[in-house]
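Chains, contacts and geometry: an overview
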Amino acid sequence: MAAGCERVDSSHSMDKSITLPPNEIFRNLENAKRFAIDIVAKVRSFDHTAKGDPLYEISMQEEVSARLHFIKFENAYIETCLDFIKDHLVNTDTKVIKATGGGEDEMTCLIKGCNFVLRNITHEAFVYAKHADSEFRFQNTHPDIFPYLLINIGSGVSIFKVESEDTFERVGGSSIGGGTFWGLGALLTKTKRFDELLQLASKGQHTNVDMLVKDIYGGSYGSLGLTGDLIASSFGKSATPDKEFSKEDMAKSLLHMISNDIGQLACLYARLHNLTRVYFGGFFIRGHPVTMHTITYSINFFTKGEVQALFLRHEGYLGTIGAFLKGAEEDNPNQYSWGENYAGSSGLMSTSPDLNPMQRARSGTFDMLEMDRLERQLVNLPLLQDPSSYIPDTVDLSEDALAREYWLYCFEEALDGVVKRAVASQPDLPEAAERAEKFRHKYQHKLQTLRHQPFAYGSLTVRSLLDTREHCLNEFNFPDPYSKLEGMKAPIGLTCFIWPCILHCCCNLYRLLNYSSFFSIDRPWLVDAYDQWLERLKGPPHKCALFFVDNKLLCRGTEVVLASNSSPALNDVTNSELQILTERIAAMDLVIQSAVKEDRLTLVQSGSSSPCLDLSRLDKVLAGVVRERHVDLVIIEGMGRAIHTNYYAILSCESLKMAVIKNSWLADRLGGKLFSVVFKYEVKDVKAEYYIAL
C-alpha cells in the first residue's frame, strides 16, 4: 500500500479536511504491511466541497488480497496525514513506512517506479496527437523497456538515461522548468495558482506576444526550412510601446517558450545517447493538452519525426511506487506481475481546454490507482512472431465511435442479467443482493465514464470492458457469478459423462470439428480454410499442439498442451476445474489415462482471468512448456480469444483460429451473418518470412 502526498488546492479557502471521491479507499488496511509516502510539489488533484470529513473511508474486504493502493492528498495538510499515520500505521510491528521526496533517494525511487509501470501496466505510455481523431495513441507493453530517456520536469528539469533496472545516470538537466513557468507566470499575470495559470494558457493566443518568422521575413524562410508560423522570438512583440497584452496570451507564450526549450533539450540528449524512446514526467505535464502538444511538436520538429515524445498515464505516482519497491525488496516484488485494477482506479480525464479545471472532479492525471498482484510472472508467448508489434485486440473502440457506442450499449443492456447471476451464485448469503446492487452502480458509472472518456484506461476494447466488469464483480466479492447457474458450468458429475467424448478429440482433429457446431452451418464459411487444413493433416503430425480453451476442450493426437484460465471469467473452464475433470475422466477412460501417464496430455494455466486472451501476458510456466515441447501448432477457439482478440495475431508456427460469431452486429461488421463461421489456418512461409492466411 502506498500514498502519494500532493497538494490539492482546489478552493481558495484552506481547511484541514480532505474529501476523496466516493470510492472505498484503502481496503484491507489491517492486513497491509508496507506504506510508502512521496512528498512532492504542489499540484491540484481533485475538488472538495465538504468540510470536516475524515481523511479516508476505511473498509474491509472479505478476502485478503495483495494489492497496491495509491492516493493523492495535499502536502499543505501534512498534519492530517500524520494523524492518519499515527492512528493506523504506528505502534505496530507489522507496518513498515518508507518515504521519499528529495535527494538521490528520490531519483532512485523515480526510476524504479517508471520501470514498474512500463512493465506492468497495459497502455501506460502514450503519444499525444492534438488534431487526430483520437488524441491519445497508446503504446503496447514492450518486453524490453530498456534503454530509454526519462525527462522529469519538476521545478527544474532532470534528464536520466536508464539502461537497466539498477543502471541509470543523470546525464543532464536545466534550471528552466515547471518552477520557471509558475514563477514567471505569477509575475506576468498575478496568478498564483498553477492550474489557473495553465487555464489562462489554454485560452491564450501566443502569436499576439511571440515574434514569428513571417513577422521578420514576411513569410517563410524556405532556404533554411523555416515556416512562416514558426516562433522566431518568444515574447518578441512584448517590447512594443503603448500596447497591452492579455494574461492569457502571455501565459500561452510562456508555456510555449519553456515547453519548446525542454523539447529541444530532450532531442539533443536523445541524439547524443542514440535513444529513440523518450518519456516525459513530472508535475509540469500532468496531462495538460497545451504542454503535451508543445513538447510533442518540438520533438517532432527537431528530430524530423525520428523520436516520439511519450507521456505516462501514472507519472504522478512514480516516486511513491519506487518507495514501495525499495521497502519491499526482501519480498522481491519483481518476481510477480501486477495488473491495474480498473474498479479501484481513476481514469485519465479529458484534456479539452473548454473544461475549466476548477470545475473538474479530478485533475488531468490519476487521483487513485490500484494494482493487484498476480501470483505468477506473465511473459510473452514465445511463438509470437514480433512481440513488439503484437496488438491483442481486433478493434480499438476509442477510435471507432460506432463500434464504441454499440458495445457500451451491449454491456449496459446485459447488466441486469449479470446482477441476477451474481446474486444467484451466492444463494446462502443474504447480503449478496445488496453487494450486487453496489456492483451495478459502480460498473454503470464506469461505462458512463468510458462513453465520454474512452481513453480513460488506455485503448478501449471489448476485452477491457469485460475485464472492467470482472474487476468490479471481484470488488464486491463475486469471483465466479456462473458457478451456481444451471447450464453454464456443468456440475462435475454430469461433466464426467459428457467430456470424455470431447477429450477423445485428442486422437483426431477431424473429430474436433465433428464435435463442434461448425458443421451445422453451410459452407463456404465467412473465413473458410477447412479444406487446406484437411490437406495439412495428410502430412506429418505436429510435434505438440497448444490449445487455448474456453468452455470446450480441443486436442490433437501426439503431445497436447491445454491452457485454461487461472481464475474464473464468465463460464470458461479454469485450470483447477480442468485438473479435477481430467483426473476423473482418466479414471474411466484408458485413452485419456494413458495420455496423462505418458505426459502427452499436459494441463497448464494461462495466467489469464479474462474471456479474451492477451498473448503478451501469459504464465511464465506455460511459456516454458511451449519451449520445452517445441510447440508447432497453436489452436485458439472462441469469440473472445479468436475474434475480439488475436484475429490478426501473427505467430511463428502454424495456427488455427476458430469461432462461431454469435453477435449479429459483429458478424455484419466482418461481412457475414449471425452464426457465421471463422476458420483461419495460418502457416508461416519460412523462406519468404511472411504468413499465409488460408
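The notes below deal with the structure included here. None of the values given here were measured: they were computed from a predicted structure. Along every chain, residues carry numbers that run from 1 in the direction the sequence is written. The model is predicted, so local features are restricted to residues of pLDDT at least 70 and side-chain atom pairs to those at 80 or more, both for listing and for counting; the totals for chains, interfaces and linings are taken over all residues. To obtain the side-chain values, all non-hydrogen atoms of the structure were included, while hydrogens and water were left out.

**Thoughts on helix H4 (residues 194-203)**
Counting along an α-helix, one turn takes 3.6 residues, and residues three or four places apart therefore face a common direction. Using the following cut-off: Categorising residues by exposure relies on relative accessible area from a 1.4 Å probe, with only protein chains included: less than 20% of the type maximum marks a residue as buried, more than 50% marks it as exposed, and the intermediate range marks it as partly exposed. We count a stretch as a helix when DSSP gives it H or I for four or more residues in a row; a strand needs E for two or more, and each element gets its number in order from the N terminus. We call two residues in contact whenever any of their non-hydrogen atoms come within 4.5 Å of each other.
For H4, a buried count of eight out of 10 residues is recorded, marking the element as mostly surrounded by other parts of the structure. Listed in full, the buried residues belonging to H4 are Phe194, Asp195, Leu197, Leu198, Gln199, Leu200, Ala201 and Ser202. On its buried side, H4 packs onto helix H3 (178-189), helix H6 (247-272) and helix H7 (289-303).

**A few points about the pattern of salt bridges**
Our working definition: Any carboxyl oxygen of Asp or Glu that lies within 4 Å of a side-chain nitrogen of Lys or Arg is treated as forming a salt bridge with it.
Evaluation of the coordinates by the stated rule reveals 31 salt bridges. Residue Arg313 is joined to Glu340 by a salt bridge in which the shortest nitrogen-to-oxygen separation is 2.9 Å. One end of the pair, Arg313, is in the loop between strand E13 (308-312) and helix H8 (318-327); the other, Glu340, is in strand E14 (residues 337-340), with 27 residues separating them in the sequence. Accessibility classification places Arg313 together with Glu340 in one group, the buried group. Two residues, Arg641 and Asp572, come together in a salt bridge whose shortest N-O distance is 3.0 Å. Here the residue Arg641 occupies a position in helix H19 (residues 639-644), and Asp572 occupies one in the loop between strand E19 (559-564) and helix H16 (575-588), the gap between them amounting to 69 residues. Judged by relative accessible area, which is 5%, Asp572 ranks as buried. What you see here is one network of salt bridges that share partners, running through Arg67, Glu370, Asp372 and Glu475.

**Considering empty space enclosed by the protein**
Let me state the cut-off plainly: Cavities and pockets were defined on a 1 Å grid built over protein atoms only: a cavity is a set of grid points that admits a 1.4 Å probe from which the probe cannot escape, a pocket is an open set flanked by protein on both sides within 12 Å along at least five of seven lines, and lining residues are those with an atom within 4 Å of any such point. Grid points are joined across faces, edges and corners, and a volume is the space filled by probe spheres set on the points. Under the convention adopted here, Pro, Cys and the residues Ala, Val, Leu, Ile, Met, Phe, Trp and Tyr are nonpolar, Asp, Glu, Lys and Arg are charged, and Gly plus all remaining residues are polar.
Enumeration according to the criterion identifies seven cavities of 30 Å³ or more in this entry. Taken as a whole, the second largest cavity spans an internal volume of roughly 90 Å³. Lining the second largest cavity are Thr122, His123, Asn140, Thr141, Pro387, Tyr390, Pro392, Asp393, Arg463, Asp614, Ser616 and Arg617. When its residues are assigned to classes, the lining of the second largest cavity shows three nonpolar, five polar and four charged.

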